[in-house]
Amino acid sequence: MQLHDFYLSGNCYKVRLFLSLIGQPVELLTVDLPKGAQKRPEFLALNPRGQVPVLVDDGQPLVDSQAILVYLARRYADPHWYPLDAVTEARIASWLSLTANEIHNGAARARVGLKFGRPVDLDDAQARGRQVLELVNAHLADHTWLVGEQPTIADVAVYPYLAMADEGGLDLTPYPHLHAWFARIRALPGYVDLPHF
Ligand SMILES: N[C@@H](CCC(=O)N[C@@H](CS)C(=O)NCC(=O)O)C(=O)O
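Residues numbered from 1 in each chain as written. Predicted model: local features only at pLDDT ≥ 70, side-chain atom pairs only at ≥ 80, totals over all residues. Heavy atoms only, no water.

Trainee: Even after reading the chapter, I still don't get the site of the ligand, so can you show me in this structure?
Mentor: In the region of the ligand, 14 residues are neighbours, and Q38, K39, V52, D64 and S65 sit closest. Note that an oxygen atom of the ligand is positioned 2.9 Å from one of the side-chain N or O atoms of Q38. A distance of 2.8 Å separates a nitrogen atom of the ligand from a polar atom in the side chain of D64. Compared with its free state, where it exposes 510 Å², the ligand has 81% of that area covered by protein. Looking at the shell around the ligand, its residues break down into 4 nonpolar, 8 polar and 2 charged. (Near = heavy atom within 4 Å. Polar contact = N/O pair within 3.5 Å; in protein donor to acceptor, adjacent residues only side chain to side chain. Areas by Shrake-Rupley, 256 points an atom, 1.4 Å probe, with all protein chains shown as cover. Nonpolar A, V, L, I, M, F, W, Y, C, P; charged D, E, K, R; others polar.)

Trainee: Is there a simple way to explain the packing of aromatic side chains in this structure?
Mentor: To describe a pair of aromatic rings, you give the distance between the ring centres and the angle between the ring planes. Evaluation of the coordinates by the stated rule reveals 7 aromatic pairs. Judged by centre distance (6.2 Å) and plane angle (80°), the ring pair of Y159 and W181 falls under edge-to-face. Residue Y159 is found in helix 6 (residues 153-163), and its partner W181 is found in helix 7 (residues 176-186); the two are separated by 22 residues along the sequence. Its relative accessible area of 0% is what places Y159 among the buried residues. Residue W181 is classed as buried on the basis of its relative accessible area, which comes to 0%. Grouped by ring-pair contacts, the aromatic residues Y159, W181, F182 and Y191 constitute a single cluster. The residue whose ring lies beneath K115 is F197, and the NZ or CZ to ring-centre distance is 4.9 Å. Note that R184 overlies the ring of W145, its terminal NZ or CZ placed 6.0 Å from the centroid. (Phe/Tyr/Trp six-rings, centres within 6.5 Å; stacked < 30°, edge-to-face > 60°. Helix = DSSP H or I, 4+ residues; strand = E, 2+ residues; numbered from the N terminus. Buried < 20%, exposed > 50% of the residue type's maximum accessible area, 1.4 Å probe, protein only. Lys NZ or Arg CZ within 6 Å of the ring centre and 35° of its normal.)

Trainee: In this structure, what is going on with the UniProt feature "domain: GST N-terminal" (unreviewed entry) in the protein? I would like to understand it.
Mentor: Sequence positions flagged by UniProt for "domain: GST N-terminal" (unreviewed entry) are, in local numbering, residues 1-80. For residues 1-80, the helix share is 35%, the strand share is 20%, and the end-to-end C-alpha distance is 22 Å. (UniProt positions renumbered as here; feature names shortened; annotations may be inferred.)

Trainee: Looking at this structure, how should I read the nonpolar core?
Mentor: The nonpolar side chains of a soluble globular protein tend to be buried with one another. Counting residues in each nonpolar core, the largest one holds 51 residues, and the members touching the most others are F18, W81, Y159, L178 and W181. Going through the elements one at a time, helix 1 (10-21), helix 3 (65-76), helix 4 (86-116), helix 5 (122-140), helix 6 and helix 7 are the ones with two or more residues in this core. With 9 residues, the single largest contributor to this core is helix 6. When residues of this core are assigned to domains, at least three fall in each of domain 1 (2-77) and domain 2 (80-186). Ignoring any residue separated from it by four or fewer positions in sequence, one finds W181 in contact with L140, T144, W145, L146, D155, V158 and Y159. By size, the runner-up hydrophobic cluster in this structure holds 10 residues, among which are A37, F43, V52 and V54. (Core = buried A, V, L, I, M, F, W, Y, C linked by side-chain atoms within 4.5 Å. Domains from an automatic or database assignment. Contact = heavy atoms within 4.5 Å.)

Trainee: What should I look at first to understand the sheet that holds strand 2 (residues 27-30) in this one?
Mentor: Within a sheet, each strand pairs with its neighbour through backbone hydrogen bonds, oriented either parallel or antiparallel. Spatially, 4 strands are ordered 2-1-3-4 in an open sheet, and the strand pairing comes out mixed. What marks the edges here is a single partner per strand, and that holds for strand 2 and strand 4 (60-63). Taking each pair of neighbouring strands and ignoring which way they run, the sheet shows an average axis angle of 25°. Here strand 1 (residues 2-5) runs beside strand 3 (residues 54-57); their pairing, made up of 3 bridges, is antiparallel. Pairing of L3 across the sheet is with L55, part of strand 3. Contacts between helix 1 and the sheet are confined to strand 1 and strand 2, with strand 1 contributing the most and set at about 155° to the helix. (Pairing = 2+ DSSP bridges. Axes fitted to C-alpha atoms, helices over the stretch in contact; angles between N-to-C directions.)

Trainee: It is not clear to me how the pairing of strand 4 should be interpreted in this structure. Could you clarify?
Mentor: In this sheet, strand 4 lies alongside strand 3 in antiparallel orientation, the contact comprising 4 bridges. Along strand 4, the bridge assignment pairs V56 with P61.

Shown next, in the form of structure tokens:
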């Protein structure tokens, strides 16, 4: 199994974290995003979207961090990570969607603007980021994990960009339930630390 990876990417970290949590070895292949390696023909042949992460397993390329979590959970992980129950699956899907839309366009985009110097509407991204921080903090006031009684891929998908939201200029101090959840995730066996600049 190989992961086409960029260390500072939260989406790549998400996959590295889950692989480590489930004890699945992987070969990391760095894609040099600052040099535009993700737009070269050989990479586009693997992922026409021109983005990392890409997981290659049994010769099959799989793109998009949420899709990769689904694949890894179904194929390799203990069922609690992605239970086979229609309501639970739908609830997990809703958090994966939140990650791909509201978190991507909020906390993640603000971080890309401040840390990678990309042109973004910082005020808009931070406002979206704060909305999600408030939403997830409120949800966690009476939930240990985002869905159900055990950690699932929803926690793995949502955690990275919220835990790194300060790198997008968002103040994390007003969200005690988020901090308690961060601590529960960091205590999981196999946890690996967030990427640092
Ligand atoms: N929905 C995708 C988003 C992937 C994504 O935005 N990847 C970024 C790194 S975090 C990337 O490759 N950016 C380079 C580019 O778009 O040129 C996922 O969750 O994997």
